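# Summary of the model geometry
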Amino acid sequence: MVTRRLQELEYAIRDIAVIANEVKQSGKKIYHLNIGDPVIYDFKTPAYICNAMARAALEGQNFYVDSLGIPELRNEVCRYERNKNSIDITPDDILITSGVTEGIFFAISALIENQNEILVPGPTYPVYINYTRFFDGHPIEYEMNEENGWEPNIEDLRKKITAKTQAIVIGSPNNPTGAVFSKKNVKQIVDLAGEHDLPIISDEIYDQIIYEKNYACPASYSKDVPIIGMNGFSKAHLATGWRLGYLYYYDPENKITDLKENIAKMARARLCANSIAQYAAIEALRNPGTHTDEMVKKLRIRRDYSYKRLRQIEGVHVINPEGAFYLFPKIDFKEFPRWKDDKDFVINLLKDTGVCLVYGSGFGNHGKDHVRITFLPELETLEIVYNLLENYLK
Ligand SMILES: Cc1ncc(COP(=O)(O)O)c(C=O)c1O
């Protein structure tokens, strides 16, 4: 007997990799454009950060540490967030987690039960859907307007707030669309949350990976609306496998003290985050280096190339992403009746060409008829992939 909770769990980004492995067994070369992991491409964790981790291990920092995180790291994260976003927080407002993923798990476990609701962007990073359902709640998607560069539709968001709503999720820069929410929209969401006395969960994992627009941090626009902000070391510091992130509470009027105290209990119940990765994270924050800027520089070229190629394919409609490292083109399946839907297309594309994308419906209802493509690979690989994709659609 296995719980319904687990039987219903889906994570398209990795589920598709299972099929890719099967295809690989048949001898076909696989082009992985499904996972947002820069480190499997030509972006490497900087040596000085790796050395800090190795040093910590050799010096014997191999024991369980404080459940909330090593105090020095909480201090550094606090300093970093205060400077970056001009927000008034203290080290007490920081919780070190095993990646943003654990932060999402903690926040949703504290907010969701008994069929209540959480508002997530539609399309959304699927973990928000998974964990909300896991805790017996309903993820409600508010519309992101593709014609308007995938900016959130504030009127739709307003309409979807009910007595059961527990929080609003903002994911900017967004996975899967690459949208960076405008200042105006971020302010409006913060105001709306204030009107309805709701906290905001702000997933900021891509806040350093931006191509044009400036990033608008929700906490910078909030006077009294509580923000549960999340960030980590996976993307900007190229350490996906280390599983380290953090959660910050911006709560000037102490509205979510209860939530904070109960999440701390949850943190104690799971002991602590990786100890030696925390020492590496201290080093990354104290000496930020140039790796993030260099990554963004390379990624801009790959994004521009990918956007240009996709725009040239008939029946494909694509918005140029302003942040993160994904494109989320729409495929007009009326022009391509050979495939039933986005999932059917992605599976067949993988089997026939070895190109591994993620089907848009894996990002919620608003994702259907789309595919997510990461532009992390080098240009030579992208060229092969877009040639294969273009020919396949033809
Ligand atoms: C929006 C978003 N949040 C969170 C994560 C996971 O982050 P972490 O590696 O810190 O758990 C990802 C990973 O792709 C992501 O895209």
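Quick caveat, the model's predicted, so the values are computed rather than measured.

### Overview of the overall build of the protein chain
In terms of regular secondary structure, the protein chain is built from 13 helices and 15 strands. In terms of overall dimensions, the protein chain is globule-like: its C-alpha atoms have a radius of gyration of 21 Å, near the 21 Å expected for 394 residues. Along the three orthogonal principal directions, the C-alpha set of the protein chain runs to about 55 × 55 × 50 Å. Counting the 394 residues in the protein chain, one finds 58% classified as buried. Taking the intrachain contacts of the protein chain between residues at least 6 apart in sequence as the baseline, contacts between residues at least 24 apart amount to 74%.

### Observations concerning the site of the ligand
Near the ligand, the surroundings consist of Gly99, Val100, Thr101, Tyr125, Asn175, Asp203, Ile205, Tyr206, Ser234, Lys235, Arg243 and Tyr326. Within the backbone of valine 100, an N or O atom sits 2.7 Å from an oxygen atom of the ligand. In this structure, arginine 243 approaches the ligand through a side-chain N or O atom, which is 2.7 Å from an oxygen atom. Contact with the protein chains removes 91% of the 390 Å² of surface that the ligand exposes when unbound. When its residues are assigned to classes, the shell around the ligand shows five nonpolar, four polar and three charged.

### As for the nonpolar core
Counting residues in each nonpolar core, the largest one holds 137 residues, and the members touching the most others are Leu73, Ile168, Ile201 and Phe345. Looking at which domains feed residues into this core, each of domain 1 (4-44 + 291-393) and domain 2 (47-286) gives three or more. Sequence-distant contacts of phenylalanine 345, defined by excluding residues within four places in its chain, comprise Ile331, Phe333, Trp339, Val371, Leu389, Tyr392 and Leu393.

### Brief notes about the sheet that holds strand 15 (residues 371-374)
Overall, antiparallel pairing links the three strands, which are arranged 11-15-14 in an open sheet. The open sheet is flanked by strand 11 (326-327) and strand 14 (358-359), the only strands paired with a single partner. Sheet topology note: the strand 11/strand 15 ladder contains two bridges and is antiparallel. Opposite tyrosine 326, over in strand 15, you have threonine 374 as the bridge partner.

### Quick word on a nonpolar patch on the surface
On the surface, a cluster of nonpolar side chains totalling about 250 Å² of accessible area is made up of Val2, Leu6 and Leu9. Here leucine 9 is to be found in the loop between helix 1 (4-7) and helix 2 (12-25).

### Digging into the pairing of strand 6 (residues 165-171)
Counting buried positions along strand 6 yields six of seven residues, so the element is predominantly enclosed. Crossover strand 6 to strand 7 (residues 200-203) through helix 8 (residues 183-195) is right-handed.

### Notes on the domain arrangement of the protein chain
When cut into domains, the protein chain gives domain 1 (4-44 + 291-393) and domain 2 (47-286). Taken over C-alpha atoms, the centre of domain 1 sits 25 Å from the centre of domain 2. Counting from both sides, the interface comprises 39 residues of domain 1 and, opposite them, 38 residues of domain 2. Buried surface at the junction of domain 1 and domain 2, both sides included, amounts to about 3,300 Å², of which 59% is carbon and sulfur.

### With respect to the packing of helix 5 (residues 99-111) against helix 9 (residues 257-269)
Across the interface, helix 5 lies against helix 9 with an axial gap of 10 Å and an inter-helix angle of 125°. Here helix 5 lies oblique to helix 9, going by the angle between them. The element helix 5 and its partner helix 9 pack so that their crossing is right-handed. Note on element contacts: helix 9 touches helix 5 through Leu259, Ile263, Met266 and Ala267, opposite Phe105, Phe106, Ala107, Ser109, Ala110 and Leu111. Here the contact of helix 5 with helix 9 is built from residues that sort into nine nonpolar, one polar and no charged.

### A few points about unusual backbone geometry
Proline 123 follows glycine 122 through a cis peptide bond whose omega is 5°. By secondary structure assignment, the location of proline 123 is in the loop between strand 3 (117-122) and helix 6 (126-134). Positive phi outside glycine occurs at serine 86, with the angle close to 50°. Inspection of the secondary structure assignment puts serine 86 in the loop between helix 4 (71-85) and strand 2 (94-97). Judged by relative accessible area, which is 65%, serine 86 ranks as exposed.

### Considerations on the side chain of glutamate 322
Tracing the backbone through its elements, the reader meets glutamate 322 in the loop between strand 10 (316-317) and strand 11. Reaching out from glutamate 322, the side chain makes a polar contact with the backbone nitrogen of valine 180 at a distance of 3.1 Å.

### With respect to the sheet that holds strand 4 (residues 138-145)
Strand order across the open sheet formed by eight strands is 2-9-8-7-6-3-4-5, with mixed pairing between neighbours. Each of the sheet's edge strands pairs with one partner strand only, and the pair in question is strand 2 and strand 5 (151-152). Here strand 6 pairs with strand 7 via four bridges, running parallel. Paired with isoleucine 168 across the two strands is isoleucine 200, which belongs to strand 7. Contacting strand 2, strand 8 (227-232) and strand 9 (245-250), helix 9 runs over the sheet at an angle of about 160° to strand 9.

### So, the pattern of salt bridges
Inspection of every chain in the model, using the stated rule, returns 18 salt bridges. Measuring nitrogen to oxygen at the nearest pair gives 3.8 Å for the salt bridge that ties lysine 255 to aspartate 224. You can see lysine 255 sitting in the loop between strand 9 and helix 9 and its partner aspartate 224 sitting in the loop between strand 7 and strand 8, a full 31 residues away along the chain.

Definitions and cut-offs
Here the residue index of a chain counts from 1 through its sequence in written order. A pLDDT threshold of at least 70 governs which residues receive local features in this predicted model, and a stricter bar of 80 or more applies before side-chain atom pairs are shown or counted, although totals over entire chains, interfaces and linings include all residues. Hydrogen atoms and water are omitted, and side-chain values are computed over all heavy atoms in the structure. What counts as a helix is a DSSP run of H or I of at least four residues, what counts as a strand is a run of E of at least two, and both are numbered from the N terminus. Computation of the radius of gyration draws on C-alpha atoms alone. For the globule rule, the value is 2.2 Å times the number of residues to the power 0.38. Relative accessible area decides the class of each residue, using a 1.4 Å probe on protein chains only: under 20% of the type maximum gives buried, over 50% gives exposed, and in between gives partly exposed. The criterion used for residue contact is that any of the two residues' heavy atoms lie within 4.5 Å. Throughout, near means a residue has at least one heavy atom within 4 Å of the molecule or strand. As used in this structure description, the phrase polar contact means that two N or O atoms lie within 3.5 Å; if the pair is within protein, one of them must be able to donate a hydrogen and the other to accept it, and residues adjacent in sequence are counted only when both atoms belong to side chains. Accessible areas in this description were obtained via Shrake-Rupley with a 1.4 Å probe; residue shielding takes into account the shown protein chains only. Put simply, Ala, Val, Leu, Ile, Met, Phe, Trp, Tyr, Cys and Pro go in the nonpolar bin, Asp, Glu, Lys and Arg in the charged bin, and everything else, Gly too, in the polar bin. The set of buried Ala, Val, Leu, Ile, Met, Phe, Trp, Tyr and Cys residues whose side-chain atoms join them within 4.5 Å is what this entry labels a nonpolar core. All the domain ranges listed were derived from an automatic or database domain assignment. When DSSP finds two or more bridges between a pair of strands, those strands are recorded as paired. Only residues above 30% relative accessible area that lack a salt bridge enter a patch, with like-charged residues linked at up to 9 Å and the nonpolar side chains Val, Leu, Ile, Met, Phe, Trp and Tyr linked at up to 5 Å. For this analysis, a salt bridge means a side-chain nitrogen from Lys or Arg found within 4 Å of a carboxyl oxygen belonging to Asp or Glu. By convention a crossover is right-handed if, when the strands point away from the viewer, the path from the first strand over the helix to the second runs clockwise. Once two parts are put together, the accessible area they lose, assessed with a 1.4 Å probe and summed over both, is termed the buried area. Here the axes come from fitting lines to C-alpha atoms, over the contacting stretch only for helices, and the angles between their N-to-C directions go from 0 to 180 degrees. Our angle categories are set so that under 35 degrees counts as roughly parallel, over 145 as roughly antiparallel, 65 to 115 as roughly perpendicular, and the remainder as oblique. Note: crossing handedness is left-handed where the near helix turns anticlockwise from the far helix by less than a right angle, and right-handed where it turns clockwise.

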